[in-house]
Amino acid sequence: MIDLYSVKPIDQATLREAAAATDGRIVVAEDHHPEGGLGSAVVDSLTAAGVEDLAIERLAVRGMPGSGTGSELLEWAGIDGPAIAEAARRLLAQW
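Sequence order as written defines residue numbering, which begins from 1 separately in each chain. In keeping with the model being predicted, local features are shown solely for residues with a pLDDT of at least 70 and side-chain atom pairs are shown and tallied solely at 80 or more, while totals for entire chains, interfaces and linings include all residues. Derived side-chain values reflect all non-hydrogen atoms in the structure, with water molecules and hydrogen atoms excluded from consideration.

**Focus on the pairing of strand β1 (residues 25-29)**
Cut-off, in case you're wondering: Strands were regarded as paired on the criterion that DSSP finds at least two bridges between them. Every helix listed is a DSSP run of H or I at least four residues long, and every strand listed is a run of E at least two residues long, numbered separately from the N terminus. By convention a crossover is right-handed if, when the strands point away from the viewer, the path from the first strand over the helix to the second runs clockwise.
The pairing of β1 with strand β2 (residues 55-59) spans five bridges and is classified as parallel. Its bridge partner being in β2, Val27 is matched across the sheet by Glu57. In this region the chain leaves β1, passes through helix α2 (residues 38-48) and returns to the parallel neighbour β2; the handedness of that crossover is right-handed.

Following this line, the structure appears as structure tokens:
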């Protein structure tokens, strides 16, 4: 798990290490819409570094949230712990 709290500057070295350790399987979970967010920054950074074999699961908010507790909203958006674990299992099943 890498806490990329910001898209700029992105920690390209750590991302390369993670991609090497996971055979290019990366799950990105971000707490906003996917367009122009962390997932894009991760993919851009890795491809710029020459990493070609990638399998990316991008979890992000894809609707307009309502009211709720933090955990309720994370679950609603599909970016909570169980959703991240399921995305990782999907990536493992592909290989």
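**Comments concerning unusual backbone geometry**
Formally: Accessibility here uses a 1.4 Å probe with only protein chains present; expressed as a share of the type maximum, an area under 20% marks a residue as buried, one over 50% as exposed, and anything in between as partly exposed.
Look at Asp23: it is not a glycine, yet its phi comes out positive at around 55 degrees. Following the sequence through the fold, Asp23 ends up in the loop between α1 (12-21) and β1. Accessibility expressed as a relative area gives 47% for Asp23, which makes it partly exposed.

**Let's talk about the pattern of salt bridges**
Note the threshold: Only one rule defines a salt bridge in this text: a Lys or Arg side-chain nitrogen within 4 Å of an Asp or Glu carboxyl oxygen.
Taken as a whole and assessed by the stated rule, the structure comprises three salt bridges. Residue Arg25 pairs with Asp23 through a salt bridge whose shortest N-O separation is 3.5 Å. Here Arg25 falls in the buried class, since its relative accessible area comes to 19%. As a salt-bridge pair, Arg90 and Glu57 come within 2.9 Å of each other at their nearest N and O atoms.

**A look at the side chain of Ser45**
Among the secondary structure elements, Ser45 is positioned in helix α2. We classify Ser45 as buried; its relative accessible area is 7%.

**So, the nonpolar core**
Stated formally: Each nonpolar core is a collection of buried residues, namely Ala, Val, Leu, Ile, Met, Phe, Trp, Tyr and Cys, held together in the definition by side-chain atoms within 4.5 Å. The contact criterion used throughout is that any non-hydrogen atoms of two residues lie within 4.5 Å.
Ranked by size, the top nonpolar core spans ten residues in total: Leu4, Leu15, Ala18, Ala19, Ile26, Val28, Leu38, Val42, Leu46 and Val51. Put simply, the parts of the chain that give this core at least two residues each are α1, β1 and α2. Ignoring sequence-local partners within four residues, the contact set of Ile26 consists of Ala18, Ala19, Val42, Leu46, Ala55, Ile56, Glu57 and Leu91. Residues Leu59, Ile79, Ala83 and Ala87 belong to the second largest nonpolar core, which totals six residues.

**Considerations on the environment of Leu92**
Assignment of secondary structure puts Leu92 in helix α4 (residues 81-93). Measuring from C-alpha to C-alpha, the distance between Leu92 and Ala55 comes to 9.7 Å, with 37 residues separating the pair along the chain.

**Regarding the side chain of Glu30**
For clarity, the cut-off: Asp and Glu count as negative and Lys and Arg as positive, but His and the ends of the chain are not part of the count. As used in this structure description, the phrase polar contact means that two N or O atoms lie within 3.5 Å; if the pair is within protein, one of them must be able to donate a hydrogen and the other to accept it, and residues adjacent in sequence are counted only when both atoms belong to side chains.
Examined against the element boundaries, Glu30 turns out to sit in the loop between β1 and α2. One buried charge, Glu30, has no salt-bridge partner; the nearest side chain with opposite charge is Arg58, at 4.6 Å. One polar contact links Glu30 to His32, side chain to side chain, over a distance of 3.2 Å. Glu30 has contacts with Gly37, Leu38, Gly39, Leu59, Ala60, Val61 and Ile79, leaving out every residue within four places of it along the chain.

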